[in-house]
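This is what each chain is made of:
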Amino acid sequence: MTLSPARVPATGVRRLTRTLYGYAFLDDFVLLYPVYALLFADTGMSVWQISSLFALWSVTGVVLEVPSGAWADAMSRRRLLWIGPLLTAAGFALWVVVPSYGAFAAGFVLWGAGGALGSGALEALVYDELDRLGAADRYARVMGRARAARLLGTVAATGLAGPVVARGGYEAVGAASFLACVLTALTATRFPEHRVRPESTGDTWAATLRTGLAEAHGNPAVRGALLLVPAVAAVWGALDEYTPLLIRDLGVADATVPYLVMLIWAGVTLGSLLTGPAERLGRTGLAALLAGAALALAVGAMARSLAGVVLVSLAFAGFQLAEVLADVRLQHRIDESRRATLTSVAGLGTELATVATFGVYALLGTDLAHSSVFAVLAIPYLVTALALARARAATARP
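Conventions adopted
- Residue numbering note: each chain is counted from 1, following its sequence as written.
- With pLDDT at 70 or above as the cut-off, local features in this predicted model cover only qualifying residues; side-chain atom pairs require 80 or more to be listed or tallied, and sums for whole chains, interfaces and linings still use all residues.
- With hydrogens and water set aside, each side-chain value is computed from the structure's full complement of heavy atoms.
- Numbered from the N terminus, helices here are DSSP runs of H or I no shorter than four residues, and strands are runs of E no shorter than two.
- Summary of the burial criterion: residues with accessible area below 20% of their type's maximum are buried, those above 50% are exposed, and those between are partly exposed, where the area comes from a 1.4 Å probe applied to protein chains only.
- Residue contacts follow a heavy-atom distance rule, with two residues in contact if any of their heavy atoms lie within 4.5 Å.
- Here the Shrake-Rupley method, with its probe set to 1.4 Å, supplies the accessible areas, and only the displayed protein chains count as covering residues.
- Multiply 1.5 Å by the residue count of a helix minus one, and that product is the helix's expected span.
- To count toward a patch, a residue needs a relative accessible area over 30% and no salt bridge; like charges are then connected within 9 Å, while nonpolar side chains (Val, Leu, Ile, Met, Phe, Trp, Tyr) are connected within 5 Å.
- We define a salt bridge as a side-chain nitrogen of Lys or Arg found within 4 Å of a carboxyl oxygen belonging to Asp or Glu.
- The rule is short: rings of Phe, Tyr and Trp, with Trp giving its six-membered ring, pair when the centres are within 6.5 Å, and they are stacked under 30 degrees, edge-to-face over 60, tilted in between.
- Orientation is described by axes fitted as lines to C-alpha atoms, over the contacting stretch for helices, and by angles from 0 to 180 degrees between their N-to-C directions.
- The scheme is simple: roughly parallel for angles under 35 degrees, roughly antiparallel for over 145, roughly perpendicular for 65 to 115, oblique for anything else.
- Here a crossing is called left-handed whenever its near helix is offset anticlockwise from the far helix by less than a right angle, and right-handed whenever the offset is clockwise.
- Residues are sorted three ways: Asp, Glu, Lys and Arg are charged, Ala, Val, Leu, Ile, Met, Phe, Trp, Tyr, Cys and Pro are nonpolar, and all the rest, Gly among them, are polar.
- Residues grouped as a nonpolar core are buried Ala, Val, Leu, Ile, Met, Phe, Trp, Tyr and Cys residues, joined through side-chain atoms within 4.5 Å.
- Working definition for bend: take the seven residues up to and ending at a residue and the seven starting at it, fit an axis to each, and measure the angle between the axes.
- pLDDT: the predictor's confidence for each residue, scored from 0 to 100.

**Side note on the overall build of the chain**
(1) Moving on: Per the secondary structure count, the chain includes 17 helices and zero strands.
(2) Moving on: Counting only residues that meet the buried cut, the chain has 48% of its 398 residues in that class.
(3) Moving on: Taking the contacts inside the chain whose residues are at least 6 apart along the sequence as the reference set, 83% of them involve residues at least 24 apart.
(4) Moving on: Of the accessible surface of the chain, which amounts to about 17,600 Å², a share of 66% is contributed by carbon and sulfur atoms.

This is how it looks when you write it as C-alpha cells:
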C-alpha cells in the first residue's frame, strides 16, 4: 500500500507530537520535586546551605544556557535531548545514595546541566521537523499541549510523592525519579531528526554562537522577539514559587494549600491548551492579553479570598498563553541553523530576569505582605503591554 503525500506528513506529525508529549510528561514526572527540600533539611542542611544549593542550580543553568544552544545547532539536537535526562538521573541517584552537601551540590550541577542541554534544542527540533512536514503553523498548538503535558506530569508526581515517601522513604522517591529520567531519555531517542548537521559543513559551536548573536544584534525583528520572551516569562515564573505563601496568608489550613496551588496549575494548563486558537493574536491582542492578566493578578492577590485565587489562576493562564505566543514569534523570525542558539539566548534572558525578580521580591517582602508584592509585580506586565501597543501604533503609521 502506497501512502498518499497528505498521509505521509500526517503520520510524521503524529509521531513527532506523540513523542514530544510523552517526553514532556516524563521530564516533569519527578517525585522528588515536592520533597527534595525536606530531604535536604532532614539530612541536616541549614537554611543557608539549602539556599546555596538553589543558587548553584541557577548559576549552572545561566552559565550553560547559551553554549548548550550553540551545541544544539552544531550537533544532533536529539542526542542532547537524551543525554540531558541521564545527567539529571545521575544527580538524583547521588542524592539518595550518598545524601550529603557535596552530593546535593553535584546533583544540582548535573540537573542544571541536563536542563540546559534540552533548553533551546527541544523547541528548535520540534519547529524544524514541523516545518519539514509543512506544518510549522501547528507549532503554537503543539508546544502549548506539550506544556500542558509537563504540568500534568508535575501534578501527577506531586500527588504520588506523599504515598511513596510514606511507604518507602526518600529512597523510593529517588528511585522513581531516577526511573522517570531514564524513561525520558529513552523517549527522546524516538524523536525524528532530518536536519543537515552543521558538522558536515565544518561549523563549530563557537562559530554558531557568534553568528547567532550577530543575527540578534543586527536584526531588530529578532532582537525584539528575543526581548519579549523574558519580558513575558520571567516575573510570573518567579511568582509561581511564592503562590503557596500567598495562599497560606488567606488563613487556610496548610493541608489545603496544595489543593489551591493545583487550582492555579489548572489555570496554567488552560493557558497552554489555548495557544492554538490564540496564535492569531497580533501585537494589539497580545498587549491586551498581558494587560488583562496583569490586572487579574493585582486584583486577585489583593482580594485575599478564594475568588482572588481564581483570578490569580486566570492571570497565570494569560501569562502562560502569552509566553508560548512569544516563543512562537521568536521561532518564526530566526533561521534554522541558529534556532537553538537564539532560543537559548532568550532562555538566558529569562533566567537572569527571574533571578532579578527573586531579588526584588525579597526586598519588597521584608515590609509588604505577599499580596502586595504580587500586585506590585504586576506592573512590569502593564509596561510590556504598553510597549507592545506603542510598537503596533508606530508600525501602523505611514
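Text resumes after the structure shown.
**Focus on helix H14 (residues 306–333)**
(1) Moving on: Helix length check: H14, at 28 residues, gives a terminal C-alpha distance of 41 Å against a target of 40 Å (1.5 Å per residue), a fit within 8%.
(2) Moving on: Burial analysis of H14 places 21 of its 28 residues in the buried class, which makes it a mostly covered element.

**A closer look at unusual backbone geometry**
(1) Moving on: The backbone phi angle of Arg-304 is positive, close to 50 degrees, even though this residue is not glycine.
(2) Moving on: With respect to the helices and strands, Arg-304 occurs in the loop between helix H13 (283–303) and H14.
(3) Moving on: Overall, Arg-304 belongs to the partly exposed group, its relative accessible area being 48%.

**Some thoughts on a nonpolar patch on the surface**
(1) Moving on: A cluster of nonpolar side chains, contributed by Leu-263, Leu-270, Leu-274, Leu-306, Val-310 and Leu-314, occupies part of the molecular surface with about 490 Å² of accessible area.
(2) Moving on: Of all the secondary structure elements, the ones that give two or more residues to the nonpolar patch are helix H11 (257–273) and H14.
(3) Moving on: Residue contributions to the nonpolar patch peak at three residues, all from H14.

**So, the packing of aromatic side chains**
Each aromatic ring pair is summarised here by two numbers: the centre-to-centre distance and the angle between the ring planes.
(1) Moving on: Overall, the coordinates contain 21 aromatic pairs when judged by the stated rule.
(2) Moving on: Between Trp-95 and Trp-111 the ring centres are 5.9 Å apart and the planes differ by 70 degrees, which places this aromatic pair in the edge-to-face class. One end of the pair, Trp-95, is in helix H4 (residues 77–97); the other, Trp-111, is in helix H5 (residues 101–118), with 16 residues separating them in the sequence. Note on accessibility: Trp-95 and Trp-111 belong to one class, buried.
(3) Moving on: Aromatic ring contacts, followed pair by pair, group Tyr-33, Phe-40, Trp-57, Phe-92, Trp-95, Phe-104, Phe-108 and Trp-111 into a single cluster.

**Observations regarding the environment of Arg-223**
(1) Moving on: Here Arg-223 shows up in helix H9 (residues 220–239).
(2) Moving on: Residue classification places Arg-223 among the partly exposed residues on the basis of a relative accessible area of 37%.
(3) Moving on: The spatial distance from the C-alpha of Arg-223 to the C-alpha of Arg-333 is 9.5 Å, given a sequence separation of 110 residues.

**Topic: the packing of H9 against helix H15 (residues 339–365)**
(1) Moving on: Taken N-terminus to C-terminus, the directions of H9 and H15 make an angle of 40 degrees; their axes are 7 Å apart at the nearest point. Taken as axis vectors, H9 and H15 run oblique relative to one another. Judged by the sense of rotation from one axis to the other, the crossing of H9 with H15 is right-handed. Where H9 abuts H15, its residues Val-222, Leu-226, Val-229, Pro-230, Ala-233, Ala-234, Val-235, Ala-238 and Leu-239 lie against Leu-342, Val-345, Ala-346, Gly-349, Thr-350, Ala-353, Thr-354, Thr-357, Phe-358 and Tyr-361.
(2) Moving on: Partitioning the contact of H9 with H15 into residue classes produces 15 nonpolar, four polar and no charged.

**Considerations on the nonpolar core**
(1) Moving on: Counting 54 residues, the largest nonpolar core has Leu-239, Leu-290, Leu-297, Phe-316, Phe-319 and Phe-374 as its most contacted members.
(2) Moving on: Every element with two or more residues in this core is listed here: H9, helix H10 (243–248), H11, H13, H14, H15, helix H16 (370–376) and helix H17 (379–396).
(3) Moving on: Setting aside residues up to four positions removed in sequence, Leu-239 forms contacts with Leu-297, Phe-316, Tyr-361, Phe-374 and Leu-377.
(4) Moving on: By size, the runner-up hydrophobic cluster in this structure holds 30 residues, among which are Ala-121, Leu-122, Leu-130 and Tyr-139.

**Focus on H9**
(1) Moving on: In this model H9 runs 30 Å from its N-terminal to its C-terminal C-alpha over 20 residues, within 8% of the 28 Å that 1.5 Å per residue would give.
(2) Moving on: At Ala-233, H9 shows its largest bend, some 25 degrees.

**Structural notes on the environment of Leu-94**
(1) Moving on: As for its placement among the helices and strands, Leu-94 is situated in helix H4.
(2) Moving on: Owing to a relative accessible area of 31%, Leu-94 belongs among the partly exposed residues under this scheme.
(3) Moving on: C-alpha separation for the pair Leu-94 and Ala-105, spaced eleven residues apart in sequence, amounts to 9.6 Å.
(4) Moving on: If we ignore the near neighbours within four places in the chain, the residues touching Leu-94 are Pro-99, Ala-103, Ala-106, Gly-107 and Leu-110.

**Examining the pattern of salt bridges**
(1) Moving on: If you walk through the whole model with that rule in mind, you get five salt bridges.
(2) Moving on: Between Arg-150 and Asp-27 there is a salt bridge whose closest N-O contact spans 2.9 Å. Residue Arg-150 is found in helix H7 (residues 139–188), and its partner Asp-27 is found in helix H1 (residues 7–28); the two are separated by 123 residues along the sequence.
(3) Moving on: On the accessibility criterion, Arg-150 (22% relative accessible area) is partly exposed.
(4) Moving on: Three or more residues are tied together by salt bridges with common partners; here these are Asp-27, Asp-28 and Arg-150.

**Focus: the confidence of the model for the chain**
(1) Moving on: Looking at the chain, pLDDT values average 83 and 88% of them are 70 or higher.
(2) Moving on: pLDDT under 50 marks residues 1–5. Its contacts with residues more than four places away, or in other chains, come to one contact.
(3) Moving on: Low pLDDT, under 50, characterises residues 198–202; the predicted model gives this stretch six contacts beyond four residues in sequence or across chains.

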